[in-house]
Amino acid sequence: MGVAMQLHFADRERIARSILVDDKPLQNGRIPANCPFHAEGTPGGAFFYDPAKDIGRCYSCGDWSDLVGIFNAVNGRACDDGDGYREFVSTYLDDSTHFQPKERKALVSTPQPTWEPKAHEMPPERWSRKAQEFVDTCVEALQRNQEQLDRLAGWGITPAVAKAAGIGWFSASDENGDVAYRTFSHWGLPLQLNANGNERCIRLPKGFVFCGYRSDGKQYRIARMHIRCENAGTDNLPRYLQVTGASSQYYIFGKYDAKIWVIVETVRDAILLWQELGHFGVSVMAIGGASNRPDDEAHKLLRNAQLIVNAMDADTAGRKNSWKFDPDAHGQFAWQVEYPHSIRWPVPLAVGKDVGDLPRSGLSVWDWFSAGLPDNVLKQVESLRNKKMREVAVAGAAAQTAGKEAA
Ligand SMILES: [Zn+2]
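Being a predicted model, the structure only gives us computed values, none of them experimental.

1. Section: the sheet that holds strand β1 (residues 31-33)
(1) Moving on: The strand order across the open sheet built from 4 strands is β1-β2-β3-β4, with neighbouring strands paired in antiparallel fashion. Two strands bound the open sheet, and with one partner strand each, they are β1 and β4 (64-65).
(2) Moving on: Summarising the sheet, strand β2 (residues 47-50) and strand β3 (residues 55-58) pair through 4 bridges and their orientation is antiparallel. Residue pairing for β3: Phe48 is matched across the bridge by Arg57.

Next up, the structure:
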């Protein structure tokens, strides 16, 4: 169900037979062969590749993938390896310069599982107001705190972008311990009592504060908030805590009418990409958890996109949510199935797990991103980037001239 669906059926069978070991004549339209995913005690009899559906499945180890994934597995790579994807395309789809995502959908012949996005729900208005007050204080605190700005710089994010994106620093210095507690009702949530009869509280632990805005039809207000906990691991605090009462809508950074969207897991990674790619017509969504599904608004933006770059973590959860070839998994959501115009493009394993690992690696966000784009999309983005670079150069020259004249 991947990019190999652009090929003729017979080509998929020919390629599969050329890379699989000990392939047998078709059985019910499927090619039996040795499993490319695991080392079999008695090879054969468990793995079948179906060229009509572009699904290979092993009934012994339970693993499955499309022809690109099989190609990667045979070459000792992870099934969603980006370099392998490029190699597959350049080896077998020599017309890749004419990559047309829209045409690809028409080529998918098997009925797709149906999945419907849920309507997006906003938190209570009072919650958004309280969240905004909290964020405002934390944004100011961060701008005054050089130590934390330096840490942010280590993650590749500039102070100006931190301010624009509403990143804050909560020190919890006025609280008992490193966590602030605010009662549910104070933040506009329905009153709840704990086992001791006391009102339950929203926890606001020490750390970096991230927020995301959505429209309730009248105004844009904070809909989602995460705190990157300094003391993760103690008091059951996760690395990223979603603040109680927030909706689970995707974080959206950049213009809503963008034709190119990048999908990442954490809000911090999304802000880094927005900083680096936002000027070139690219917008970003952060899921906040690999299994969180798009809401109706995010779905509309993604459906209308020209290209979606799926950069979810290069780990098992990221992979399993990208591809769902299990024939029994009807009605389940998978990125590459729901959005045929998406490409899976995690950061290289040598760099790490996610986009946040790029700044330390020496590989720039642009180099990583541009290497994954189909040629026609790359041309569009590059032309916007060149235009932007010229503007910056001209502005720089003008400032220099003005400086000289003043002197
Ligand atoms: Zn297997």
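2. A few points about the pairing of β3
(1) Moving on: Burial of β3 is two-sided: the residues Ile55 and Arg57 facing one way and the residues Gly56 and Cys58 facing the other way are all buried.
(2) Moving on: In sequence, β2 turns back onto β3 through a hairpin of 4 residues, with Asp54 there showing a positive phi of about 55 degrees.
(3) Moving on: Taken together, the 2 bridges between β3 and β4 define a ladder with antiparallel strand orientation. Its bridge partner lying in β4, Arg57 is registered against Trp64.

3. So, the confidence of the model for the protein
(1) Moving on: Mean pLDDT for the protein: 87, with 91% of residues reaching 70 or above.
(2) Moving on: Per-residue pLDDT stays below 50 along residues 96-109; that stretch engages in 24 contacts with residues further than four places along the chain or on separate chains.

4. A word on the coordination of the zinc ion
The expected angle between donors at a tetrahedral four-coordinate metal is 109.5 degrees. At an octahedral six-coordinate metal it is 90 or 180 degrees.
(1) Moving on: The coordination sphere of the zinc ion, as far as protein atoms go, consists of Cys35 (SG), His38 (ND1), Cys58 (SG) and Cys61 (SG), spread over 2.0 to 2.3 Å.
(2) Moving on: Considering all 4 donor atoms around the zinc ion, the spread of angles at the metal, 100 to 124 degrees, places the coordination shape in the tetrahedral class.
(3) Moving on: Positions of the donor residues of the zinc ion, expressed as sequence spacing, correspond to C-x2-H-x19-C-x2-C. Taken as a pair, His38 in the loop between β1 and β2 and Cys61 in the loop between β3 and β4 lie far apart in primary sequence, 23 residues in all.
(4) Moving on: Accessibility expressed as a relative area gives 24% for His38, which makes it partly exposed.
(5) Moving on: The partly exposed category is assigned to Cys61, whose relative accessible area is 35%.

5. A look at the side chain of Arg12
(1) Moving on: Secondary-structure assignment places Arg12 in helix α1 (residues 9-19).
(2) Moving on: Among buried charged residues, Arg12 stands out as having no salt bridge; its nearest opposite-charge side chain is Asp54, 5.2 Å away.
(3) Moving on: Engagement of the side chain of Arg12 in a polar contact is seen with the backbone oxygen of Ala4, the distance being 3.2 Å.
(4) Moving on: Reaching out from Arg12, the side chain makes a polar contact with the backbone oxygen of Leu7 at a distance of 2.9 Å.
(5) Moving on: Excluding residues that lie within four positions of it along the chain, Arg12 makes contacts with Ala4, Met5, Leu7, Tyr49, Pro51, Ala52, Asp54 and Leu67.

6. What about the environment of Val381?
(1) Moving on: As for its placement among the helices and strands, Val381 is situated in helix α14 (residues 375-406).
(2) Moving on: Residue class for Val381 comes out buried when judged on its relative accessible area of 1%.
(3) Moving on: As a C-alpha pair, Val381 and Ser370 span 11 residues in sequence and 8.5 Å in three-dimensional space.
(4) Moving on: Discounting residues that sit within four places of it in the chain, Val381 has contacts with Ile260, Phe280, Trp366, Phe369 and Leu373.

7. Brief notes about the sheet that holds strand β15 (residues 342-344)
(1) Moving on: Strand order in the open sheet formed by 5 strands is β11-β13-β12-β14-β15, with mixed pairing between adjacent strands. The open sheet has two edge strands with one neighbour each: β11 (251-253) and β15. Along the sheet, successive strands turn relative to each other by an average axial angle of 20 degrees, direction set aside.
(2) Moving on: Strands in contact with helix α13 (residues 365-372) are β12 (260-264), β13 (282-286), β14 (307-310) and β15; relative to β12, the strand with the most contacts, it is inclined by about 115 degrees.

8. Brief notes about the nonpolar core
One recurring pattern in soluble globular proteins: nonpolar side chains tend to sit buried together.
(1) Moving on: One finds Phe88, Ile167, Val262, Trp368 and Phe369 to be the most contacted residues of the largest nonpolar core, which totals 69 residues.
(2) Moving on: Broken down by element, the residue count for this core peaks at 6 residues, all from helix α8 (residues 267-277).
(3) Moving on: If near-sequence neighbours (up to four positions away) are discounted, Trp368 is found in contact with Val262, Leu273, Ala311, Trp345, Pro346, Val347, Pro348, Val355, Leu358 and Leu363.
(4) Moving on: In terms of nonpolar packing, the next biggest core, distinct from the first, is built from 21 residues, Ala180, Trp187, Ile222 and Met225 among them.

9. Looking at the packing of aromatic side chains
(1) Moving on: Tallied over the entire structure, the rule returns 19 aromatic pairs.
(2) Moving on: Relative to Tyr59, the ring of Phe48 lies with its centre 6.1 Å away and its plane at 65 degrees, an arrangement referred to as edge-to-face. With Phe48 in strand β2 and Tyr59 in the loop between β3 and β4, the pair connects residues that are 11 residues apart, well separated along the chain.
(3) Moving on: Taking the relative accessible area as the measure of exposure, Phe48 reaches 12% and is therefore buried.
(4) Moving on: Residues Phe280 and Trp366 carry aromatic rings whose centres are separated by 5.7 Å and whose planes lie at 80 degrees to one another, so their mutual orientation is edge-to-face. Of this pair, Phe280 sits in the loop between α8 and β13 while Trp366 sits in helix α13, placing them 86 residues apart in sequence.
(5) Moving on: Residue classification places Phe280 among the buried positions, given a relative accessible area of 8%.

Conventions adopted
Residues numbered from 1 in each chain as written. Predicted model: local features only at pLDDT ≥ 70, side-chain atom pairs only at ≥ 80, totals over all residues. Heavy atoms only, no water. Pairing = 2+ DSSP bridges. Helix = DSSP H or I, 4+ residues; strand = E, 2+ residues; numbered from the N terminus. Buried < 20%, exposed > 50% of the residue type's maximum accessible area, 1.4 Å probe, protein only. pLDDT = per-residue confidence, 0-100. Contact = heavy atoms within 4.5 Å. Donors = N, O, S within 2.8 Å, 3.2 Å for Na, K, Ca; no water. Tetrahedral: all angles 85-135°; square planar, octahedral: opposite > 155°, others 65-115°. Lys, Arg positive; Asp, Glu negative; His and termini not counted. Salt bridge = Lys/Arg side-chain N within 4 Å of Asp/Glu carboxyl O. Polar contact = N/O pair within 3.5 Å; in protein donor to acceptor, adjacent residues only side chain to side chain. Axes fitted to C-alpha atoms, helices over the stretch in contact; angles between N-to-C directions. Core = buried A, V, L, I, M, F, W, Y, C linked by side-chain atoms within 4.5 Å. Phe/Tyr/Trp six-rings, centres within 6.5 Å; stacked < 30°, edge-to-face > 60°.

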